[in-house]
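Given next are the chains, with one letter for each unit.
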Amino acid sequence: MAVTTILVVEDEAAIRDMLNFTLSSAGFEVIEAANAEQAWQMLNTSVPDCLLLDWMLPGVTGVSLAERIRNHARFAKMPIIMLTARGEENDQVQGFEAGADDYVVKPFSPKALVARVKALLRRNQSESSSEVVVQGDLTLDLASYRFTVAGEEVKLGPTEFKLMKLFMSNPNRVYSRLQLLDRVWGESVVVEDRTVDVHIRRLRKILEPVNQAEVIQTVRGAGYRFGTL
Ligand code: CA
C-alpha cells in the first residue's frame, strides 16, 4: 500500500502538533507548513494526497492559498479541508467558493477529523476509472481527470469534477439537493443543503466563459439537472 501524505498548514504550533499526532496515529504520513508561502513551496515539489488548511494564517490566508491551488490542474485530485475557528455561514460559503471540499470548525474531535479525511480520500479513490464521458462539446476523462470543452481544458476542483461526472453520466435526470449530497459528498461527510447551491454556482461560473453555463439547469422545487435539450 502506498503511503498517504497529508500536508497540514497551520500557524499555531500546538494545533499543528495535535494534528500531526492524530493523523500519524491514524497511519498517515504528515508534512507540516506554518504558513501559506511555506506550503506553496512544498506544493511546488510534491503533491500530497490531502491538504488540511487553516483559514487564519499570517500573511497569505488559507482562502487565498485554496484559490491559488484550484487554479492549477496538477492539484485537481487533491482534496482541501479548511480548518477554522469561526463558524459563520458566510465563511463557509467563501471557503467552498475558494475551492475547499470540506470544512471543519475548531475545536474539533480528532476522531471526527480523521473520519472526514478518510471519507474524502475514499471518495477520490472510488473515482479512478478509465472511462470517458462525452456530452456534446463536453468531455470528462475520468482516468486523467481532465475536463475539456471543445478540446480546451477547463479546470474543475474535485467536487465540481464529481458533480459533472454524475450530471454528464445521467443527462436530463433531475437530482434533489439531498440526492446530490449523497452521491457527490457521500454519507459520512457532514455538509448542509446549501453547500450544493454553492458548488452549483461555482460550476456555472467555471462554465460561463466557455458558454456552457446553461447545461446546469435549476428545476424549481426539485433540484438540478444536466440539460441536453
Ligand atoms: Ca491560525
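Residues numbered from 1 in each chain as written. Predicted model: local features only at pLDDT ≥ 70, side-chain atom pairs only at ≥ 80, totals over all residues. Heavy atoms only, no water.

Student: Quick one: what's the story with the confidence of the model for the protein chain, residue by residue and with numbers?
Tutor: In the predicted model, the protein chain carries a mean pLDDT of 88, and the fraction of residues at 70 or more is 92%. Confidence, read as mean pLDDT per element, is least for helix H4 (residues 89-98) in the protein chain (75) and greatest for strand S1 (residues 5-9) (97). (pLDDT = per-residue confidence, 0-100. Helix = DSSP H or I, 4+ residues; strand = E, 2+ residues; numbered from the N terminus.)

Student: Could you give me a rundown of unusual backbone geometry, with the residues and numbers involved?
Tutor: Going from lysine 106 to proline 107, the amide bond is cis rather than trans, its omega being -5°. Along the chain, proline 107 falls in the loop between strand S5 (102-105) and helix H5 (110-125). Even without glycine at this site, alanine 150 takes up a positive phi of about 50°. Locating alanine 150 in the fold gives a position in the loop between strand S8 (146-149) and strand S9 (152-153). Owing to a relative accessible area of 56%, alanine 150 belongs among the exposed residues under this scheme. Positive phi values are uncommon outside glycine, yet asparagine 211 reaches one of about 55°. For asparagine 211, the position within the fold is in the loop between helix H8 (193-207) and strand S10 (216-219). Classification of asparagine 211 as exposed rests on a relative accessible area of 60%. (Buried < 20%, exposed > 50% of the residue type's maximum accessible area, 1.4 Å probe, protein only.)

Student: Let's hear about empty space enclosed by the protein: which residues, and what values?
Tutor: Inspection of every chain in the model, using the stated rule, returns two cavities of 30 Å³ or more. Every residue along the wall of the second largest cavity is listed here: Arg70, His72, Ala73, Ala76, Lys155, Leu156 and Gly157. For the lining of the second largest cavity, the residue count by class is three nonpolar, two polar and two charged. When we break the lining of the second largest cavity down by domain, the ones giving at least three residues each are domain 1 (5-125) and domain 2 (132-226). (1 Å grid on protein atoms, 1.4 Å probe; cavity = no way out; pocket = protein on both sides within 12 Å on 5 of 7 lines; lining within 4 Å. Points joined across faces, edges and corners; volume = space filled by probe spheres on them. Nonpolar A, V, L, I, M, F, W, Y, C, P; charged D, E, K, R; others polar. Domains from an automatic or database assignment.)

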